[in-house]
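Fold and contact review
Chain by chain, the residues:
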Amino acid sequence: MAKLIIDKDFIRRIQEISNQKLSDCYQCGRCTAGCPFAAFMDAPPNQIIRFMQLGMKNDILTANGPWFCAACLVCQTRCPRGVDIPRLMEAVRTLHLRAKEGLLDVSAIDKTLLVDAPPLVLMSGLYKYAD
Ligand code: SF4
Ligand code: SF4
């Protein structure tokens, strides 16, 4: 696990960008139980929210969950507290992209992929990785 750094300002920015109140989450785990990508994440959705509640900036920024999240909204529909988890995941990606981390170099994409990939995949990829 990454070194513990508590950064309340970072957490305030996550709440501001996502327009979510982290204290609404009571860690029931229903979001993670329904997430189709939780098995691929090093920290599942409820754990990422717990990192956020505790102000564990390093653990949030090194988690792969925000990148695996497909914004399918399953977690949001299952959450008894109405927490919009995809927005929280997007807030983390936004902070990465603002720091110029994880940016996609569109010119470096293999042109054969551009021909064969479904347009929806390209659009969602560009939305996720480009600022
Ligand atoms: S379903 Fe909602 S309340 Fe339960 S752990 Fe997930 S975000 Fe928190
Ligand atoms: S929106 Fe993201 S975190 Fe929520 S269930 Fe879908 S993939 Fe998982």
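The structure presented is a predicted model; accordingly, all values stated were derived computationally and were not measured. Note on numbering: residues in each chain are counted from 1, in written sequence order. Here the convention is simple: chains get letters from A, ligands get numbers from 1, in the order in which they are written. In view of the model being predicted, local features appear only for residues whose pLDDT reaches at least 70, and side-chain atom pairs are presented and counted only at 80 or more, with totals across whole chains, interfaces and linings using the full set of residues. Calculated side-chain values reflect all of the structure's heavy atoms, with hydrogen atoms and water omitted.

What follows covers the site of ligand 2. Around ligand 2, the surrounding shell consists of Cys35, Pro36, Phe37, Pro45, Cys69, Ala70, Ala71, Cys72, Leu73, Val74, Cys75 and Pro86. We call Asp, Glu, Lys and Arg charged. Ala, Val, Leu, Ile, Met, Phe, Trp, Tyr, Cys and Pro are nonpolar, and the rest, Gly among them, are polar. Residues belonging to the shell around ligand 2 are distributed by class as follows: twelve nonpolar, no polar and no charged. Here a residue is considered near a molecule or strand provided that any single heavy atom belonging to it is located within 4 Å of it.

Before going further, it helps to spend a moment on the environment of Ser18. Take Ser18: it is sitting in helix 1 (residues 8–18). Under the scheme applied here, a residue whose accessible area is under 20% of the maximum for its type counts as buried, over 50% as exposed, and between as partly exposed, the area being computed with a 1.4 Å probe on protein chains only. Overall, Ser18 belongs to the buried group, its relative accessible area being 0%. Between the C-alpha atom of Ser18 and that of Pro86, which follows or precedes it by 68 residues, the distance is 8.8 Å. Only heavy atoms enter the contact rule, under which two residues are in contact if any of them lie within 4.5 Å. Apart from residues no more than four positions distant in its own chain, Ser18 is found in contact with Arg87, Leu88 and Ala91. A 3.5 Å cut-off defines polar contacts: any pair of N or O atoms within that distance qualifies, except that in protein one atom must be a possible hydrogen donor and the other a possible acceptor, and neighbouring residues in sequence count only when both atoms are side-chain atoms. One polar contact links the side chain of Ser18 to the main-chain amide nitrogen of Gln20, over a distance of 3.3 Å. For the purposes of this entry, the term helix denotes a DSSP run of H or I that reaches at least four residues, the term strand denotes a run of E that reaches at least two, and both are numbered from the N terminus.

Let us look at the pattern of salt bridges. Salt bridges are counted wherever a side-chain nitrogen of Lys or Arg sits within 4 Å of a carboxyl oxygen of Asp or Glu. In total, this model carries five salt bridges according to the counting rule given. The residue Arg12 makes a salt bridge to Glu16 at a minimum N-O spacing of 2.6 Å. In this pair, Arg12 and Glu16 both sit in helix 1, four residues apart, roughly one turn of the helix. Under the relative-accessibility criterion, Arg12 is labelled partly exposed at 40%. Two residues, Arg81 and Asp24, come together in a salt bridge whose shortest N-O distance is 3.8 Å. In this pair, Arg81 is assigned in the loop between helix 6 (74–78) and helix 7 (85–98) and Asp24 in the loop between helix 1 and helix 2 (30–34), connecting sequence segments 57 residues apart. In this structure Arg81 comes out as partly exposed when scored by relative accessible area, which is 42%. According to the relative accessible area criterion, Asp24 is partly exposed, its value standing at 24%. What emerges from the salt-bridge pattern is a single network uniting Asp9, Arg12 and Glu16.

Any functional reading would require information beyond the geometric quantities listed.
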